[in-house]
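Analysis of the macromolecular model
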Amino acid sequence: MGTGTIATEHMVNAIRAIGHHPLWVVSRRKRDAADFAEDLEIPKCSTDLARVLRDPAVGFSYVSARLARRPHYISAAAGAGKHVLCDGPIAPTSKAAAAMVNACRNAGVLLAVNQPFRASGVHQTMRRLIADGEVGQVLSVLVVRGGPHGLGFRRSEPPDESDKIFLGASVDDIDLARFLTNAEPVEVNAVSSPPGDLPSLLAYTVRLDNGGILQVHESFRTADLESTVLVAGDRGALLANGTLNARSSGTLVRRHAGRNELVPLRERDPYAFTAADFVSSRAQGSSWLARGEDSVMALTVAEALLLSSRKRRTVAITGESAR
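Per chain, residues are indexed from 1 in the order of the written sequence. With the structure being a predicted model, the display of local features is reserved for residues of pLDDT at least 70 and the display and counting of side-chain atom pairs for 80 or more, all residues being used for whole-chain, interface and lining totals. No hydrogens and no water enter the side-chain calculation; it runs on all heavy atoms of the structure.

Another aspect to go through is the state of the cysteines. When two cysteine sulfur atoms are found within 2.5 Å, that pair is recorded as a disulfide. Counted under the stated rule, the structure contains zero disulfides. Free cysteine Cys86: the closest other cysteine sulfur is in Cys104, separated by 9.4 Å.

Right, let's talk about the packing of helix H5 (residues 94-107) against helix H10 (residues 292-311) for a bit. Running from N to C, H5 and H10 point in directions that differ by 170°, and their axes come no closer than 8 Å. By the angle between their axes, H5 is roughly antiparallel relative to H10. For the pair H5 and H10, the contacting residues are Ser94, Ala97, Ala98, Val101 and Arg105 in the first and Gly292, Glu293, Val296, Leu299, Thr300 and Glu303 in the second. Here the contact of H5 with H10 is built from residues that sort into five nonpolar, three polar and three charged. Fitting a line to C-alpha atoms yields each axis, with helices limited to the stretch in contact; the angle taken between N-to-C directions then spans 0 to 180 degrees. A run of H or I in DSSP becomes a helix once it reaches four residues, and a run of E becomes a strand once it reaches two; helices and strands are each numbered from the N terminus. Here roughly perpendicular refers to angles of 65 to 115 degrees, roughly parallel to angles under 35, roughly antiparallel to angles over 145, and oblique to all remaining angles. In this analysis, two residues are considered to be in contact whenever any of their non-hydrogen atoms come within 4.5 Å of each other. Gly falls in the polar group here, along with every residue not listed as nonpolar (Ala, Val, Leu, Ile, Met, Phe, Trp, Tyr, Cys, Pro) or charged (Asp, Glu, Lys, Arg).

So, on to the sheet that holds strand E14 (residues 290-291). The mixed open sheet is built from four strands, whose spatial order is E3-E4-E5-E14. The open sheet terminates on both sides in strands that have one partner only, identified here as strand E3 (60-63) and E14. Relative to E3, helix H1 (residues 5-17) is tilted by about 130°, and along the sheet it contacts E3, strand E4 (83-87) and strand E5 (111-114). When DSSP finds at least two bridges between two strands, those strands are taken to pair.

What follows concerns the side chain of Ser227. Its place among the elements puts Ser227 in the loop between strand E9 (213-219) and strand E10 (228-233). The classification of residues rests on relative accessible area computed with a 1.4 Å probe and restricted to protein chains. Under 20% of the type maximum is buried, over 50% is exposed, and intermediate values are partly exposed. Judged by relative accessible area, which is 0%, Ser227 ranks as buried. Any pair of nitrogen or oxygen atoms within 3.5 Å is treated as a polar contact; in protein, a donor-acceptor pairing is required on top of that, and neighbouring residues in sequence qualify only through side-chain atoms on both sides. Of the polar contacts made by the side chain of Ser227, one reaches the backbone nitrogen of Leu244; its length is 2.9 Å. Leaving out residues up to four positions away in the same chain, Ser227 has contacts with Val144, Arg145, Ala240, Asn241, Gly242, Thr243, Leu244 and Asn245.

Moving on to unusual backbone geometry. Negative phi values dominate among residues other than glycine, just as trans dominates among peptide bonds. Put simply, Gly88 and Pro89 share a cis peptide bond, and its omega is -5°. Relative to the assigned elements, Pro89 resides in the loop between E4 and H5. Across the junction of Ser193 and Pro194, the peptide omega takes the value -10°, indicating a cis bond. You can see Pro194 is positioned in the loop between strand E7 (185-193) and strand E8 (201-208). One non-glycine residue, Arg312, adopts positive backbone phi at about 55°. Mapping Arg312 onto the fold places it in the loop between H10 and strand E15 (315-316). Judged by its relative accessible area of 68%, Arg312 falls in the exposed class.

The periodicity of an α-helix, 3.6 residues per turn, causes residues three or four positions apart to be oriented the same way. Expected helix span is given by 1.5 Å per residue-to-residue step, counting one fewer step than there are residues. The terminal C-alpha atoms of H5, which comprises 14 residues, lie 20 Å apart, in line with the 20 Å expected from a rise of 1.5 Å per residue. Check the buried side of H5 and you find it contacts helix H4 (70-79), E5 and H10.

Counted as salt bridges are all cases of a side-chain nitrogen of Lys or Arg within 4 Å of a carboxyl oxygen of Asp or Glu. In the structure shown here, the tally under the stated rule is ten salt bridges. The partner of Glu134 in a salt bridge is Arg254, with the nearest N and O atoms 3.4 Å apart. Taken together, the residues Glu134 in the loop between helix H7 (121-131) and strand E6 (138-146) and Arg254 in strand E12 (residues 251-256) connect sequence positions 120 residues apart. Given the relative accessible area of 31%, Glu134 is considered partly exposed. For Glu184, the salt bridge identified is with Arg178, shortest N-O distance 2.8 Å. The exposure class of Glu184 is partly exposed, given its relative accessible area of 28%. On the basis of relative accessible area, Arg178 is assigned to the buried category, the value being 12%. Residues participating in the shared-partner salt-bridge network are Arg118, Asp175, Arg178, Glu184 and Asp294.

Spelled out as structure tokens, the structure:
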């Protein structure tokens with residue numbers, strides 16, 4: 001559903017890599033659906049979503065539409081009883097995302113979110129080491145990423161909400177911090193440049209419920225730089241480099257007792273890994289996948305960041321943060 005860049009460059013091949021076959025392309029534009037189907041060698045295309053969802057051969061739906069259209073596709077798939085894997089975030093606002101979570105829950109279908117940072121072999125290893133106590137109590141998390149912002153659309157279309165740094169970067173970084181630490185944001189303080197809803201530089205601090213502090217610097221304007229994810233505790237630290245710039249690789253260093261140790265990693269395609277876990281979790285019921293609820297939380301924090309940068313004050317994380 002939809003013809004986004006992630007689907008074009010990654011997910012169609014990922015679905016095939018795990019032994020499944022894309023059957024339909026759905027788009028509100030007939031030409032886009034036809035071109036996508038031809039380019040990716042998918043047998044059928046349509047603008048009639050109901051017709052596609054009635055096809056008994058369709059086992060699940062993958063949503064790669066523009067952000068504003070994702071709730072439409074998710075709710076339709078839920079109504080048809082089809083499990084959903086959707087690019088994140090699943091909606092432009094936490095309120096809309098929560099409505100999608102409820103719709104899927106009421107329909108008894110799985111709503112999973114494609115968050116490649118969770119699927120990274122580096123980040124999965126970091127999470128395991130943190131859970132095993134390799135850094136001790138987590139005290140500080142630092143995320144730095146930046147570079148010139150390219151729209152990256154497959155076809156010429158105007159930008160949508162995802163071009164805001166709060167949705168284009170912050171949602172992913174917040175979700176990654178929650179994934180690594182298993183901690184929840186409590187309050188945020190943000191500063192942006194230029195001020196307002198469309199900054200290109202954003203720095204913020206988040207207090208976590210485990211007593212730790214998350215600090216993030218995001219940029220849509222700086223020259224390309226190697227990303228950093230640092231998790232430091234009272235017994236050691238883990239430092240990942242180059243894992244947030246749309247690559248599946250990167251390096252991981254463990255710092256302990258004044259020494260640095262390069263952690264061996266197994267490379268894998270994060271998109272195929274996500275698709276495989278989505279398919280298996282429909283039966284197993286548990287996985288590391290981001291769920292719809294995770295997207296709601298990340299959006300809630302992103303909305304609090306926006307409010308904090310507007311009001312220049314600390315904002316508590318609640319369901320009412322952005323109101």
